[in-house]
Amino acid sequence: MNGNRRYKLFPAGDVINKKRRRQKMESIWCKTCGREKAPALKGNIETDVAVIGGGMAGILTAWQLEQAGVRTVVLETDRIGGGQTQNTTAKITAQHGMFCHSFIEKKGEDTTRKYAQANKDAVEEYKRIVREKSIACDLKECDSYVYSEDEEKVRREVVAAQSLGLEASFAEQVEIPVSCAGAVRFSSQAKFHPLKFIEALAEHLTIYEDTSVTRVEGHLVKTPCGSVKAGKIVFAVHFPFINFPGMYFARMHQERSYVLALEKAGMVDGMYIGDGENTLSFRQYDRYLLLGGQAHRTGENREGGCYERLKRIAQELYPGSCVAAYWSAQDCITADKVPFIGPYAADCPDWYVATGFQKWGMSSAMVSAMLIRDAVCGIENPYAQVFSPLRFSGEEVPQLMKDGGKAVKGLTKRFFHVPSETISSVERGHGAIVETPQGKAGVYKTEEGTVCQVSAICPHMGCELTWNPDENSWDCPCHGSRFDCEGKLLEGPAQEGIQYDLL
Ligand SMILES: Cc1cc2nc3c(=O)[nH]c(=O)nc-3n(C[C@H](O)[C@H](O)[C@H](O)COP(=O)(O)OP(=O)(O)OC[C@H]3O[C@@H](n4cnc5c(N)ncnc54)[C@H](O)[C@@H]3O)c2cc1C
């Protein structure tokens with residue numbers, strides 16, 4: 001492993017105290033990779049395409065466009081790969097849970113076949129790029145599995161996947177210590193080191209880091225340090241920050257999940273995920289077994305701590321294993337479980353978007369790159385309609401209503417929720433919404449007793465924030481924006497931090 005640093009291990013059963021939390025909350029990808037930052041944009045430039053956002057979707061889109069001879073620049077707020085991509089588990093697979101049977105029932109066979117084929121092509125495209133460019137990113141071909149206690153469901157899914165032309169089969173046994181009646185196996189998928197891959201592609205691209213896009217007007221992309229005039233603009237920012245047109249805030253919500261990198265947990269060849277709610281994910285990287293789980297809607301934090309629960313599971317499944325690192329991430333979930341890739345809105349023909357990856361953003365980012373490349377180059381792509389953000393079907397309505405209800409709840413909470421805590425009642429190392437003489441505020445008390453007070457209102461659309469004890473952050477239950485305990489913006493769609501006072 002290049003640039004590998006040795007971790008200080010601690011048993012999976014140990015409580016993660018605050019000091020350890022600060023030391024370890026970084027993915028193994030970040031710890032095993034690093035390059036110098038590209039310079040920020042300075043002044044005004046012109047190009048064919050401006051890609052906003054340097055995550056997997058933005059970098060791949062820029063790469064595919066450049067390969068097609070289109071002049072492209074990437075504008076990244078911070079570092080490329082430094083958004084959700086640095087915290088992924090990096091399975092490259094067309095197996096997005098048990099989707100085949102349910103998609104065929106809801107969307108029909110033709111749409112499902114195209115969805116599956118687009119993702120299958122994406123997996124092959126990763127392999128092709130890595131092979132042809134000799135990229136050292138630890139890519140390994142392997143099988144992926146969805147396991148379940150329901151054998152009938154597994155067998156039904158295998159038949160559905162095979163009917164779509166996917167290489168699927170029934171696996172009676174799995175290598176992981178979970179109870180299941182079998183698993184759906186997809187052959188010849190892949191896993192890799194996402195940041196090593198991105199960094200190799202970045203060498204061939206024009207990238208401006210530390211360059212935050214603050215406004216987009218027609219063909220002009222504005223940043224505090226200059227502007228880019230572009231024929232086409234791609235929003236690859238994870239969650240689009242322009243609310244109108246597009247209204248992506250009303251069409252998606254965000255979900256967080258947690259990952260442990262375990263040592264002494266044995267070796268696993270395949271990549272695994274359980275079926276249904278509260279599922280677990282497994283994949284190996286080097287000597288680390290990555291165990292993921294504890295998903296919840298961002299802002300709806302659970303009692304007891306997600307890392308603590310995941311560590312207890314690790315201890316049960318792999319007694320004697322040690323936690324080398326742990327981290328979390330979030331992704332956008334659309335109402336019909338298909339990403340939004342294509343035109344940003346009907347009246348913005350030169351803006352494109354890539355979002356809503358459902359925690360399957362490796363293959364979806366490649367699908368995005370290929371679809372957007374073809375759209376920009378005027379090439380008809382057979383899968384474009386399936387992913388088009390301009391689609392609408394009745395299937396989305398129940399989830400849209402549920403998401404809308406959550407947003408209304410988050411907004412009204414701001415006016416009607418009366419906090420039960422006061423500044424003095426908040427314990428050290430904890431945060432809470434409290435009543436102050438100036439109104440409601442978010443208060444975090446450090447272990448040393450210092451009080452950090454922030455505005456409790458999300459600047460994106462005004463919802464009341466909630467305290468996330470796992471990450472020591474303020475999270476928005478409406479659209480998933482996040483802020484650290486000092487109010488600094490961690491994740492969008494909000495584009496600015498919240499007001500902070502040290503009391
Ligand atoms: C726990 C977890 C595990 C996962 N594991 C897998 C997996 O195994 N396989 C898989 O396929 N998918 C997985 N996913 C999903 C996958 O990681 C994501 O879908 C993917 O990384 C998203 O990439 P992105 O480029 O869309 O977003 P990001 O990586 O977040 O990139 C967006 C970039 O845009 C930048 N940006 C935002 N606003 C601006 C602005 N105004 N100006 C300039 N730049 C801006 C950000 O700084 C960021 O770098 C997982 C998700 C989670 C939560």
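Note that the coordinates shown come from a computational prediction; the quantities given were computed from them, not determined experimentally.

Digging into the overall build of the protein
Counting its secondary structure elements, the protein contains eleven helices and 26 strands. A compact globule built from 503 residues would reach a C-alpha radius of gyration of about 23 Å, and the protein, at 22 Å, matches this within 12%. Viewed in the frame of its principal axes, the protein has a C-alpha envelope of about 65 × 55 × 50 Å. Counting the 503 residues in the protein, one finds 58% classified as buried. Total accessible area on the protein stands at roughly 20,700 Å², and carbon and sulfur atoms take up 50% of it. The positive charge centre, built from 60 side chains, and the negative charge centre, built from 64, are 3 Å apart in the protein.

Focus: unusual backbone geometry
Put simply, F244 and P245 share a cis peptide bond, and its omega is 0 degrees. The omega torsion across G492 and P493 is 25 degrees, close enough to zero to call that bond cis. Unlike most non-glycine residues, N278 shows phi in positive territory, near 55 degrees. Among the structural elements, N278 can be located in the loop between β13 (271-274) and β14 (281-285). Even without being a glycine, N472 presents a positive backbone phi close to 50 degrees. Checked against the element boundaries, N472 lands in the loop between β22 (466-468) and β23 (473-475).

Looking at the state of the cysteines
Counting across every chain of the model gives one disulfide. Between the sulfur atoms of C463 and its disulfide mate C478 the distance is 2.2 Å. With the S-S bond torsion at -105 degrees, the cross-link from C463 to C478 turns out left-handed. Taken together, the residues span a long stretch of sequence, with C463 in the loop between β21 (451-454) and β22 and C478 in the loop between β23 and β24 (482-484) at a distance of 15 residues. As far as the burial class goes, C463 and C478 line up, both buried. Considering cysteine sulfurs only, C452 is the nearest to C485, which forms no disulfide, with 5.1 Å between them. C485 gets classed as buried once you look at its relative accessible area, which sits at 16%.

Examining the domain arrangement of the protein
Partitioning the protein into domains gives domain 1 (33-88 + 196-250 + 337-397) and domain 2 (414-502). A separation of 30 Å is found between the C-alpha centroids of domain 1 and domain 2. Listed per partner, the contact involves seven residues of domain 1 and seven residues of domain 2. Broken down residue by residue, the surface that domain 1 buries against domain 2 is led by F239, F241 and F249, which jointly contribute 62%. Counting every contact that joins domain 1 to domain 2 gives zero salt bridges.

Topic: helix α9 (residues 361-377)
The first and last C-alpha atoms of α9 sit 23 Å apart over 17 residues, in line with the 24 Å expected at 1.5 Å per residue. With 15 of 17 residues buried, α9 lies mostly within the body of the structure. G378 sits one or two positions beyond α9 and adopts a positive phi of about 70 degrees.

Describing the environment of E447
With respect to the helices, strands and loops of the structure, E447 is situated in the loop between β20 (439-445) and β21. Counting along the chain gives 19 residues from E447 to R428, while the straight-line C-alpha distance between them is 4.9 Å.

Describing the site of the ligand
Around the ligand, the structure places 35 residues, and the nearest of them are E76, T85, T89, D331 and M362. At 3.1 Å, a backbone N or O of T77 approaches a nitrogen atom of the ligand. Between the ligand and the protein, one listed contact pairs a nitrogen atom with a backbone N or O atom of V213 at 2.9 Å. For the ligand, the protein covers 94% of the area, taking 1,000 Å² as the surface of the free molecule. At the level of secondary structure, the elements contributing two or more residues to the shell around the ligand comprise α3 (56-67), β12 (252-263), β16 (322-334) and α9. A class-by-class count of the residues in the shell around the ligand yields 14 nonpolar, 17 polar and four charged.

As for the pairing of strand β11 (residues 226-235)
Of all ten residues that make up β11, seven are buried, and the element is covered over most of its length. Direction of pairing for strand β2 (residues 43-52) relative to β11: parallel, over a ladder of nine bridges. Looking at β11, one finds that A50 is bridged to I233. In the sheet, strand β10 (residues 220-223) pairs with β11 via four bridges, with the strands oriented antiparallel. Its bridge partner being in β11, T223 is matched across the sheet by G226. Between β10 and β11, which pair antiparallel and follow one another directly, the connecting turn spans two residues.

Scoring rules and cut-offs
Residues numbered from 1 in each chain as written. Predicted model: local features only at pLDDT ≥ 70, side-chain atom pairs only at ≥ 80, totals over all residues. Heavy atoms only, no water. Helix = DSSP H or I, 4+ residues; strand = E, 2+ residues; numbered from the N terminus. Rg over C-alpha atoms; globule rule 2.2 N^0.38 Å. Buried < 20%, exposed > 50% of the residue type's maximum accessible area, 1.4 Å probe, protein only. Areas by Shrake-Rupley, 256 points an atom, 1.4 Å probe, with all protein chains shown as cover. Lys, Arg positive; Asp, Glu negative; His and termini not counted. Charge placed at Lys NZ, Arg CZ, Asp CG, Glu CD. Disulfide = S-S within 2.5 Å. Domains from an automatic or database assignment. Contact = heavy atoms within 4.5 Å. Buried area = accessible area lost by both parts, 1.4 Å probe. Salt bridge = Lys/Arg side-chain N within 4 Å of Asp/Glu carboxyl O. Expected span 1.5 Å × (residues − 1). Near = heavy atom within 4 Å. Polar contact = N/O pair within 3.5 Å; in protein donor to acceptor, adjacent residues only side chain to side chain. Nonpolar A, V, L, I, M, F, W, Y, C, P; charged D, E, K, R; others polar. Pairing = 2+ DSSP bridges.

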